[in-house]
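# Structural features, examined
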Amino acid sequence: MTASEVEDLARDATVRLGPDQDADTLWGSGFFVAPGWVLSCAHVLLLGREGARTGVLRVRGEHGAARARPAYWLGSGPDTEQDLVLLRLLDEVSHPCVRLSDRYDRPHDITALGWRPREGGPDRWSGRCQVNGTDGDYGVTLGPEAEIPHGASGGPVLDRDQGVVAGVVKARRRGADGGLAIAVTALRGFTEALVLEAEDELGPDPYRALIRAHDRWHHRRRTARDAWRGSWVAAQERLLRAAEPEWTPHDAATACALLADLPLPDGTDTLRGLIKAVLDVEPHWRGAPPPRDWRDGQGWLYDRGERAELAFLHYLLLVARRCAPEAPEATAALEDWLYDRMEQLPDSVRALLKARAAPDAAVRCGAASHPVASRHAEPRGLPGPEPATSTAPVVAVELEPDAFRPADRFHWRVWTWTRGPDTVRSWAEGDSAEGVPLAALPYELSVPLAEAFAQLDSEGCLARLELALPVEHFDVNVDLWRAQPAVRSYRPHPAERPFGAHRQVVLRCLRRGGEPSVQAWRDRWLGVTEGGLQALPLPSPALAGQLLATACDAAVPVLCRTAAESVESLREVIAAGYGIALWARNTQHTYGCGPQCRELHDHTAKLLRRTGRAALLPEELRRLRERIGDFDTAAEWAEPLALLYDDPHRPLPLCDERVNSP
């Protein structure tokens, strides 16, 4: 396959600009970059000069003719990168778009396209040449193999090797062949573009709005059944098939489209940190424009040596983990694709990727990058926020009391979720017909838990432990359970400390099995996941029902009494649809509430305000438990604290084959 196929696609997207009422007058060229948007050179419209061509003009090409007007100008000075303008179509027409490069490196073998004046009317033009140098940070000098005609300014420059548009034709050399082009990386300057004629279609950041619309269009075109063979990405795949790239055009286009649905990065420094975490070197933007969006950071990773795909996957994993709290659904879509893409890797390579990625995402699942990382230390690599709860790995232990024996004997089953709710599987279950005493469960479950954690844990992401059991047993101190390894040293390994010090540990209500049938549970869960958690103290069981019924959806019940003293209150909490609640497991109320209760309520209210969202609460509690183990007296108030964390989007499965006695 040659570059002729992508040349044809570029030619179809190349247009000519001229006055509204005169089809034979050619001002210059341009090309479609996103639905309704044409890119060209500002000097084609004489912007900044006497007689500037503003107002309504005509864009003519394969789509026919459509009215347009100048909308955004990159600048008003003489520099190369300022000679770019975006035009917005005023008519609804169907048209193709070029595929813009996301790379930083310059092309070598190119085809320039545009229009030229001819007798009888403007005609198409193209010329092939070599790139033989640069001019400043954005200028690309074109070799003498092609004579660039008048009227071609504003047309696309196609990278024949990669099958993408890498520049914009700017000028020809006077009295000689060859000319000058503008690298498409200059488009990032549209973040601070001059707005023309009160234009506001692309909002406060025209570059990022434009490039995201561009990537979404190509994704729709590529995934449409009737358009796949004729899509630009498909043509790229055929062009590069012989080269067998590790990161294919399909990979790049899919990643760009998924990145386009994420919240904007908060600055270049964020992107610099991610790139540094992936490449282990500090990126320098000298001689290249800094990245503005997630797509640009991806473009910095090309040509990074053997197994280049690892760098892309690593980078995208970090981006996903950073964006998860703000956009859980969009992040889940990106992560689902990433995990599917990682399945194409050999086992050894996949393991290498996990080893490289995990330390940089220390709080993806809320665990520190090292089980006993100091409370004052930052995680290695780039710290990121907690992702959507539906994508974090979980090991859940289900304890059902034996119906025919004393209430302290249980039948158990272990469930695991590697990611979202659809990944649930039954991991192990007890085989005792009589059940297991509660006191013996830490020993009984030691091996199955160790095996499940070994499967789900990575160096920087420890699976959360969830214990589901009846409300009357909610005082069980599962956070003090620990692994039972063979003794290896007088100095225990950090992972041999209580589970609650190095991984998230929460409780669940056993009766909430199967898909949620209580709408209030879904509504209240939405309230606590959107943010703004509010403590709802329940100092008296007599007042619990009224307080629970009238509280807002972001409320979190807080009980200063043990679960044994608060069984009825906790049942009311669950019946009212609350998925989050906190209580103390060791307070005594012989004479009613005292200073200890007031202190617990005050500290818990501050904890909830600081945490903000339900997804972050298990990790905040884990950090407090770790600090207690490090003799931090300021965290001691949280030692008796237990957390109910019942996510309705990942319910415990109903199982008809539950083990029980005859």
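Our structure's up above, just so we're on the same page.
Let us look at the structure shown here.

This part covers the packing of aromatic side chains. Summed over all chains, the structure comprises eight aromatic pairs. Ring geometry for F453 versus F499: centroids 5.6 Å apart, planes at 70 degrees, classification edge-to-face. With F453 in helix α11 (residues 446-456) and F499 in helix α12 (residues 499-502), the pair connects residues that are 46 residues apart, well separated along the chain. Judged by its relative accessible area of 5%, F453 is buried. For F499, a relative accessible area of 5% corresponds to the buried category. Among the aromatic residues, ring-to-ring pairing joins W247, Y302, F312 and W337 into one connected group. In this arrangement the basic side chain of R188 is found over the ring face of Y104, its NZ or CZ atom lying 4.5 Å from the centre.

The next point concerns the sheet that holds strand β9 (residues 139-142). Strand order in the closed barrel made by the six strands is β7-β8-β9-β12-β11-β10, with antiparallel pairing throughout. Strand-to-strand twist in this sheet, taken as the mean axis angle between neighbours without regard to direction, amounts to 45 degrees. Docked against the sheet, helix α1 (residues 4-13) engages β7 (109-116), β8 (123-135) and β10 (156-159), running at close to 30 degrees with respect to β7.

Let us now look at empty space enclosed by the protein. With the rule as written, the count across this model stands at five cavities of 30 Å³ or more. In this structure, the largest cavity encloses a volume near 70 Å³. For the largest cavity, the full set of lining residues is L100, S101, D102, V184, T185, L187, R188, Y207, I211, R295 and D296. For the lining of the largest cavity, the secondary structure elements donating two or more residues are α2 (206-223) and α6 (294-299). For the lining of the largest cavity, the per-class residue count stands at five nonpolar, two polar and four charged.

Before going further, it helps to spend a moment on the environment of F31. Here F31 is to be found in strand β2 (residues 28-34). Accessibility expressed as a relative area gives 0% for F31, which makes it buried.

The subject of this paragraph is the side chain of E466. Mapped onto the elements of the fold, E466 is located in strand β18 (residues 464-469). A polar contact of 3.0 Å, which involves the side chain of E466, links it to the side chain of R508. With sequence-adjacent residues up to four places away left out, E466 is seen in contact with V394, V395, A396, V397, V506, R508 and Y645.

Under the counting rule described, the total for this entry stands at 36 salt bridges. Among the ionic pairs, D105 bridges to R103, the shortest N-O distance being 2.9 Å. E568 serves as the salt-bridge partner of R571, at 3.1 Å between the closest nitrogen and oxygen. Separated by three residues within a single helix, R571 and E568 lie in helix α15 (residues 567-575), roughly one turn from each other. Assessed through its relative accessible area of 34%, R571 is described here as partly exposed.

Turning next to the state of the cysteines. In protein chemistry, a disulfide is the covalent bond that joins the sulfur atoms of two cysteines. Evaluated as defined, the whole model comprises zero disulfides. Note on C560: no disulfide assigned, nearest cysteine sulfur contributed by C593 at a separation of 3.6 Å. Relative accessible area serves as the criterion here: at 0%, C560 is assigned to the buried category.

Our next topic: the environment of G430. One can find G430 in the loop between β16 (424-429) and β17 (436-437). Note: C-alpha distance between G430 and W412 (18 residues apart in sequence) is 5.4 Å.

For the rest of this paragraph, the subject is unusual backbone geometry. Unusually for a residue other than glycine, L46 sits at a positive phi of about 55 degrees. Looking at where L46 falls in the secondary structure, it is placed in the loop between β3 (37-40) and β4 (57-61). Although it is not a glycine, E244 adopts a positive phi angle of roughly 50 degrees.

Our focus in this paragraph is the pairing of strand β12 (residues 179-183). Across the five residues that make up β12, a large majority, five, are buried. Burial along β12 is two-sided: G179, A181 and A183 facing one way and L180 and I182 facing the other are all buried. One ladder, built from four bridges, connects β9 with β12; its direction is antiparallel. Paired with V140 across the bridge in β12 is A181. The pairing of strand β11 (residues 164-172) with β12 spans five bridges and is classified as antiparallel. Looking at β12, one finds that A171 is bridged to L180.

Moving on to the packing of α1 against helix α3 (residues 232-240). Where α1 contacts α3, the two axes come as close as 9 Å, and the packing angle between them is 160 degrees. By the angle between their directions, the pair α1 and α3 is classed as roughly antiparallel. Judged by the sense of rotation from one axis to the other, the crossing of α1 with α3 is left-handed. The segment α1 lies against α3, with E5, V6, L9 and A10 engaging W232, A235, Q236, R238 and L239. Of the residues in the contact of α1 with α3, the class split is six nonpolar, one polar and two charged.

This part covers the pairing of strand β15 (residues 409-417). Along β15, eight of the nine residues are buried, which leaves the element largely enclosed by surrounding structure. In the sheet, strand β14 (residues 394-401) pairs with β15 via eight bridges, with the strands oriented antiparallel. Across the sheet, E400 pairs through a bridge with H411, a residue of β15. Looking at chain direction, β15 and β17 are connected through two bridges and run antiparallel. Looking at β17, one finds that R409 is bridged to P437. Between β15 and the antiparallel strand that follows it, β16, lie six residues.

Thresholds applied
- Residues numbered from 1 in each chain as written.
- Predicted model: local features only at pLDDT ≥ 70, side-chain atom pairs only at ≥ 80, totals over all residues.
- Heavy atoms only, no water.
- Phe/Tyr/Trp six-rings, centres within 6.5 Å; stacked < 30°, edge-to-face > 60°.
- Helix = DSSP H or I, 4+ residues; strand = E, 2+ residues; numbered from the N terminus.
- Buried < 20%, exposed > 50% of the residue type's maximum accessible area, 1.4 Å probe, protein only.
- Lys NZ or Arg CZ within 6 Å of the ring centre and 35° of its normal.
- Pairing = 2+ DSSP bridges.
- Axes fitted to C-alpha atoms, helices over the stretch in contact; angles between N-to-C directions.
- Contact = heavy atoms within 4.5 Å.
- 1 Å grid on protein atoms, 1.4 Å probe; cavity = no way out; pocket = protein on both sides within 12 Å on 5 of 7 lines; lining within 4 Å.
- Points joined across faces, edges and corners; volume = space filled by probe spheres on them.
- Nonpolar A, V, L, I, M, F, W, Y, C, P; charged D, E, K, R; others polar.
- Polar contact = N/O pair within 3.5 Å; in protein donor to acceptor, adjacent residues only side chain to side chain.
- Salt bridge = Lys/Arg side-chain N within 4 Å of Asp/Glu carboxyl O.
- Disulfide = S-S within 2.5 Å.
- Parallel < 35°, antiparallel > 145°, perpendicular 65-115°, else oblique.
- Left-handed = near helix turned anticlockwise from the far one by under 90°.

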